[in-house]
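# Summary of the model geometry
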Amino acid sequence: MMLKKSLTLIRRGYGKKLVSIHAWNAWLVLFLAVSGLMLLGAFWREWLGEGRVWLKWGHIAGGLALLVPVVYYLLLAAKHWKRLKGKPSQKANVITVLTLLFGWMVSGIVLWQYKAFGPRAANAALLAHDLFTWIGLPIIIYHSITRTRWLKEPDKRSIRPEQEILDAAASNRAEKTPPRPQPVYTRRGFLKAAVGAGLAVTLGPTFVRWMSWSLQLPAGGEPPGANANRLLPDPVPLPQSSPPIGGGAEGHFRVYTVTDIPSFDNSNWSFKVDGLVDNKLHWNWEQFVKLQREVQVSDFHCITGWSVYKNTWEGIPLAKLLDMAGVQRTATSVKFYSGDGVYTDSLTLEQARMDDVLVAVMHDGRPISNELGGPVRLVVPQMYAYKSVKWLNRIELIKGDHVGYWEQRGYSSDAWLPGSEKI
Ligand SMILES: Nc1nc2c(c(=O)[nH]1)N[C@H]1C(S)=C(S)[C@@H](COP(=O)(O)O)O[C@H]1N2
Ligand SMILES: [Mo]
């Protein structure tokens with residue numbers, strides 16, 4: 001008698017634990033889904049500004065906190081599993097959830113520790129993180145809607161306090177009637193189908209677009225040549241650019257901007273080199289496009305995980321512009337300004353003189369579109385891409401440091417890619 005009573009008590013505790021694990025897990029996943037989608041969305045990028053770095057840390061912390069319910073569950077899993085005997089769909093459900101959580105966590109940790117893992121792994125992790133989200137989010141939304149009390153018979157829930165199970169068992173025993181056969185069309189079945197169909201219709205097209213985008217099928221790509229800039233004459237590509245000696249870029253740029261995407265024409269675009277220089281330089285487009293350019297092939301890596309390989313860039317080496325301007329001895333850093341009026345970054349003079357730092361005008365033989373930072377953007381292949389200032393229109397030689405836009409908001413002032421020779 002005593003033994004039986006205490007066993008029930010232990011079991012009751014166990015049921016409560018499962019309920020609270022489930023609740024914690026649900027809240028964390030909800031927070032991670034919302035914060036993750038906000039980090040992904042271009043709309044929020046602009047709107048959040050500084051808050052974005054906080055949100056990113058929150059998302060990472062939330063992801064790590066997910067370990068608590070997961071590990072706790074795994075400790076109880078054997079017991080829960082036994083209880084799910086004869087309920088294959090609920091077992092499948094548990095496996096699905098664990099797979100999703102595991103996939104999100106592993107890929108998330110690689111993205112968080114991008115420097116330790118390097119760009120190749122980060123790129124794969126970002127793809128996996130996206131894919132798990134595309135598969136997992138609809139499943140979770142479906143699950144949450146169809147498991148609400150009004151849709152789910154209580155005795156079909158696999159996670160519930162022990163008391164309810166005992167009560168249900170007791171009332172079953174009291175009734176002593178065989179369960180009624182389920183009709184084929186139930187109201188619940190209909191509602192579930194409706195929820196599933198609704199999700200498929202709303203999320204399906206976006207998913208297809210994402211798939212074709214990530215597999216580089218033409219349907220999902222940006223229409224080639226789409227460019228709201230109107231700068232004439234067009235730059236004429238060098239032979240190495242057209243066809244691109246790199247064979248054409250591999251991968252996709254995600255359009256990142258902290259402002260609206262600006263566009264330019266001959267009347268509102270100019271390029272300056274000033275500050276601590278002997279000859280201040282100032283060009284309009286007609287003059288700028290005549291400057292001698294060079295071609296380089298390089299990879300482009302964003303710290304959020306995506307990369308674009310084998311870009312054939314054509315432009316003016318930064319070192320050449322610095323030589324033309326005649327840098328004064330007091331200058332120590334080079335500050336870069338964007339035509340968006342907001343974004344800036346800097347390099348030390350020594351870094352700025354590296355021979356692959358390019359003031360780029362063309363990509364794969366075409367003018368750089370306004371979305372991707374054209375007509376002129378900086379390219380610093382050995383550093384993470386937040387150094388590659390878009391809509392570059394002014395270079396200032398300064399004494400001392402300048403802390404760039406993202407560095408002010410928590411990005412490391414050390415933007416070197418793993419394996420680069422730091423100078
Ligand atoms: N003016 C400006 N330059 C910028 C940014 C920006 O938001 N504004 N984002 C930086 C970051 S973090 C990256 S990854 C790349 C993205 O370049 P893309 O939008 O051409 O893909 O631009 C960099 N240069
Ligand atoms: Mo980035």
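Residues numbered from 1 in each chain as written. Chains lettered and ligands numbered in written order. Predicted model: local features only at pLDDT ≥ 70, side-chain atom pairs only at ≥ 80, totals over all residues. Heavy atoms only, no water.

The name that an unreviewed UniProt entry assigns to the protein chain is DMSO/TMAO reductase YedYZ molybdopterin-dependent catalytic subunit, with the source organism given as Paenibacillus forsythiae.

### So, the sheet that holds strand 5 (residues 333-338)
Spatial strand order, 2-1-10-5-6: five strands in an open sheet with mixed pairing. Either end of the sheet is taken by a strand with one partner, and the two such strands are strand 2 (281-284) and strand 6 (344-348). Direction aside, the axes of adjacent strands within the sheet are offset by 15° on average. Direction of pairing for strand 5 relative to strand 6: antiparallel, over a ladder of five bridges. Counted as the bridge partner of Phe336 is Asp345 from strand 6. (Pairing = 2+ DSSP bridges. Helix = DSSP H or I, 4+ residues; strand = E, 2+ residues; numbered from the N terminus. Axes fitted to C-alpha atoms, helices over the stretch in contact; angles between N-to-C directions.)

### Digging into the site of ligand 1
Near ligand 1, the surroundings consist of 21 residues, among which Arg254, Tyr256, Arg377, Ser388 and Lys390 are the closest. One nitrogen or oxygen atom from the main chain of Arg254 is found 2.6 Å from an oxygen atom belonging to ligand 1. Between ligand 1 and Arg377 there is a distance of 2.6 Å, counted from an oxygen atom to a side-chain nitrogen or oxygen. Protein chains bury 99% of the 530 Å² of accessible surface belonging to ligand 1 in isolation. The cavity that encloses ligand 1 is the largest cavity. A per-class count over the shell around ligand 1 returns 14 nonpolar, three polar and four charged. (Near = heavy atom within 4 Å. Polar contact = N/O pair within 3.5 Å; in protein donor to acceptor, adjacent residues only side chain to side chain. Areas by Shrake-Rupley, 256 points an atom, 1.4 Å probe, with all protein chains shown as cover. 1 Å grid on protein atoms, 1.4 Å probe; cavity = no way out; pocket = protein on both sides within 12 Å on 5 of 7 lines; lining within 4 Å. Sits in = over half its atoms within 2 Å of the grid points. Nonpolar A, V, L, I, M, F, W, Y, C, P; charged D, E, K, R; others polar.)

### Some thoughts on empty space enclosed by the protein
Within the structure shown, the criterion is met by two cavities of 30 Å³ or more. Considered as a void within the structure, the largest cavity measures approximately 310 Å³ in volume. Lining the largest cavity are 26 residues, with Tyr256, Tyr343, Ala385, Tyr386 and Lys390 positioned closest to its centre. Looking at the second largest cavity, its volume works out to about 40 Å³. Every residue lining the second largest cavity is listed: Tyr114, Gly118, Pro119, Ala122, His301, Cys302, Ile303, Gly305, Ser307 and Tyr384. Of the residues in the lining of the second largest cavity, the class split is six nonpolar, four polar and no charged. (Points joined across faces, edges and corners; volume = space filled by probe spheres on them.)

### Description of the packing of aromatic side chains
Counted by the stated rule, this structure contains 18 aromatic pairs. On the numbers, 5.8 Å between centres and 70° between planes, the contact of Trp283 with Phe288 is edge-to-face. Judged by its relative accessible area of 11%, Trp283 is buried. Linked through ring pairs, Phe253, Tyr256, Phe300, Trp306 and Trp313 together constitute an aromatic cluster. Over the aromatic face of Tyr337 sits the side chain of Arg394, whose NZ or CZ is 4.3 Å from the ring centroid. Over the aromatic face of Tyr405 sits the side chain of Arg409, whose NZ or CZ is 3.6 Å from the ring centroid. (Phe/Tyr/Trp six-rings, centres within 6.5 Å; stacked < 30°, edge-to-face > 60°. Buried < 20%, exposed > 50% of the residue type's maximum accessible area, 1.4 Å probe, protein only. Lys NZ or Arg CZ within 6 Å of the ring centre and 35° of its normal.)

### Describing the UniProt feature "transmembrane region" (unreviewed entry) in the protein chain
Under the local residue numbering, the UniProt record ascribes the feature "transmembrane region" (unreviewed entry) to residues 21-44, 56-75, 95-114 and 126-145. Structurally, residues 56-75 comprises 95% helix and 0% strand, and the distance from its first C-alpha atom to its last is 30 Å. From the first C-alpha to the last, residues 95-114 spans 28 Å; its make-up is 95% helix and 0% strand. (UniProt positions renumbered as here; feature names shortened; annotations may be inferred.)

### A closer look at unusual backbone geometry
In this structure, the amide linkage connecting Leu232 to the following residue, Pro233, adopts the cis form with an omega of 0°. Mapped onto the elements of the fold, Pro233 is located in the loop between helix 8 (187-214) and strand 1 (270-275). Along the chain, Gly374 connects to Pro375 via a cis peptide bond; the corresponding omega equals 15°. You can see Pro375 is positioned in the loop between strand 8 (366-367) and strand 9 (377-379). Located in the positive-phi region is Lys310, a residue other than glycine, with phi close to 55°. Along the polypeptide, Lys310 turns up in strand 4 (residues 307-317). Unusually for a residue other than glycine, Asp364 sits at a positive phi of about 50°.

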